[in-house]
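# A look at the structure
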Amino acid sequence: MTYAEVIEHARTCLGTYCKGCPECNGRACRNQIPGPGAKGVGDTAIRNYDKWKEIRINMDTLTAGGPVDTACQLFGRTFRYPFFAGPVGAVNLHYGDKYNDLTYNDVLVTACAEAGIAAFTGDGTNPDVMTSATKVIGQNGGMGIPTVKPWNAETVCDKMNAVRACHAFAAAMDVDAAGLPFLKNMTPPAGNKSMEELRSIITDAGIPFIVKGIMTVKGACKAREAGAAAIVVSNHGGRVLDQCPSTAEVLPEIVAAVGNDMKILVDGGIRSGVDIFKALAIGADAVMIARPFVTAVYGGGEEGVAAYIQKLAAELTDTMSMCGAHSLDEITPDMVRL
């Protein structure tokens, strides 16, 4: 199955909101929620996509030839590629009823593990979502990253028990989900986390902890001080706050501030292996991609995910070769033009 076939098949079952665009750029669904769109006028999701495209590649083929190694190390594990599938929740609401969160995570985690990368799994108000996600991660040797919403303390504790039981190699919390209405309506309410609250969660986790939703140097420093092993530079795809800067715009300053102290991942509008190369050149250790993996699952199940991963890998390998980088360590800032 080719990626073009995946897209074609996905359009038949993605529901009424997602348009199954050849490349997800936030325009066709710009201010549409429910659906894959973004909050307000949809400016943030579009800006995420556009700013990666403004960065250009500095080609240099006057270099030694040889094979290209795309292997990535994270928390003691080696992955085939420096990209991961991002967490997505309520897929049946946003993308159509062919899958629900339980069946979606089952397909995604398994397919990613077989391809040599890991999937971040989503969370939801239904406890079975976390239970099933951690179960499939356990079945795949801990090859997955359960992502817990910023619930109230009691709910987080319950979720983290399931995370530890599956022997996941890392855990995450998408603190950028703090603006979601169902969190604010909880009793007691959930959402924003103080540094003290985050430090307690990270300490109790007992495994490398990733804080997703960092968009400022100040936020990155807080996550570092709370004990995070990694952060994801992310604005939740524009779904929680309109008119944010893009992740590409803030990544360089965050890398400069904390890049020597923790792993840095980035998401938001990254859609190709060329985009992945740009993020690595700016200083990210790896990237996360969410919405296109939904299309891949809906368009072809495990085979669709494999086709998308192969597409990204081929594009990344080709870009590295054309710039003279034979490993991820050889990708340098001078290989891109900001």
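Up top is the structure.
Read on for a plain summary of the structure. Every chain begins its residue count from 1, and numbering advances along the sequence as written. With the structure being a predicted model, the display of local features is reserved for residues of pLDDT at least 70 and the display and counting of side-chain atom pairs for 80 or more, all residues being used for whole-chain, interface and lining totals. To get the side-chain values, all heavy atoms of the structure are used, and hydrogens and water are removed first.

## What to know about the pairing of strand β11 (residues 286–289)
Looking along a regular strand, one sees side chains alternate from face to face of the sheet. How we decide: Burial status follows relative accessibility: with a 1.4 Å probe on protein chains alone, a residue under 20% of its type maximum counts as buried, one over 50% as exposed, and anything between as partly exposed. Under the scheme used here, helices are H or I runs from DSSP no shorter than 4 residues and strands are E runs no shorter than 2 residues, and both carry numbers assigned from the N terminus. One requirement defines pairing of two strands: DSSP has to find at least two bridges between them. Look down the strands so they point away from you; if the path from the first strand over the helix to the second goes clockwise, the crossover is right-handed.
Here β11 shows a buried face lined by A286 and M288 and a second buried face lined by V287 and I289. Across three bridges, the pairing between strand β4 (residues 83–85) and β11 is parallel. Looking at the pairing, A85 lines up with I289 of β11. Bridge count for strand β10 (residues 263–266) against β11 is two bridges, and the pairing is parallel. Following the sheet pairing, L265 is matched in β11 by A286. Handedness of the crossover joining β10 and β11 through helix α11 (residues 273–282): right-handed.

## Concerning the sheet that holds β11
Rules: In what follows, residue pairs with any heavy atoms lying within 4.5 Å of each other are defined as contacts. Fitted lines through C-alpha atoms serve as axes, helices being fitted only where they are in contact, and the angles separating the N-to-C directions of these axes extend from 0 to 180 degrees.
Strands sit in the order β4-β11-β10-β9-β8-β7-β6-β5 across an open sheet of eight strands; the sheet is parallel. Only two strands of the sheet have a single partner each, and these edge strands are β4 and β5 (120–121). Sheet analysis places strand β9 (residues 230–233) next to β10, joined by four bridges and oriented parallel. Bridge pairing in β10 links A230 to K263. Along the sheet, helix α8 (residues 195–205) makes contact with β7 (171–174) and β8 (209–214), crossing β8 at roughly 150°.

## Topic: the side chain of S234
In plain terms, the rule: As used in this structure description, the phrase polar contact means that two N or O atoms lie within 3.5 Å; if the pair is within protein, one of them must be able to donate a hydrogen and the other to accept it, and residues adjacent in sequence are counted only when both atoms belong to side chains.
Mapped onto the elements, S234 comes out in the loop between β9 and α10 (247–258). A distance of 3.1 Å separates a polar side-chain atom of S234 from the backbone nitrogen of H236. In this structure, S234 is in contact with D176, K212, G213, I214, M215, T247 and D267, ignoring residues within four places of it in sequence.

## Focus on the pattern of salt bridges
We apply this condition: Salt bridges are defined as contacts in which a side-chain nitrogen from Lys or Arg sits within 4 Å of a carboxyl oxygen from Asp or Glu.
Evaluated as defined, the whole model comprises ten salt bridges. Notably, a salt bridge pairs K159 with D123, separated by 2.8 Å at the nearest N-O pair. Here K159, found in helix α6 (residues 153–165), pairs with D123, found in the loop between β5 and α5 (127–139); they are 36 residues apart in sequence, far enough to count as distant. In this structure, K212 and D176 form a salt bridge, with 2.9 Å as the shortest nitrogen-oxygen distance. You can see K212 sitting in strand β8 and its partner D176 sitting in the loop between β7 and α7 (181–184), a full 36 residues away along the chain. We note that K212, like D176, is buried.

## Considerations on empty space enclosed by the protein
Under the convention used in this document: Buriedness for pockets is judged along seven lines, at least five of which must meet protein on both sides within 12 Å for an open set on the 1 Å grid over protein atoms alone, while cavities are sets there where a 1.4 Å probe fits but cannot get out, and lining residues have an atom within 4 Å of a point. Grid points are joined across faces, edges and corners, and a volume is the space filled by probe spheres set on the points. Note that Gly is not counted as nonpolar here; it falls among the polar residues with everything else outside the nonpolar set of Ala, Val, Leu, Ile, Met, Phe, Trp, Tyr, Cys and Pro and the charged set of Asp, Glu, Lys and Arg.
Overall, the coordinates contain one cavity of 30 Å³ or more when judged by the stated rule. Size it by volume and the largest cavity reaches roughly 170 Å³. At three residues, helix α12 (residues 291–323) tops the list of elements feeding residues into the lining of the largest cavity. Looking at the lining of the largest cavity residue by residue, the class counts come to eleven nonpolar, four polar and four charged.

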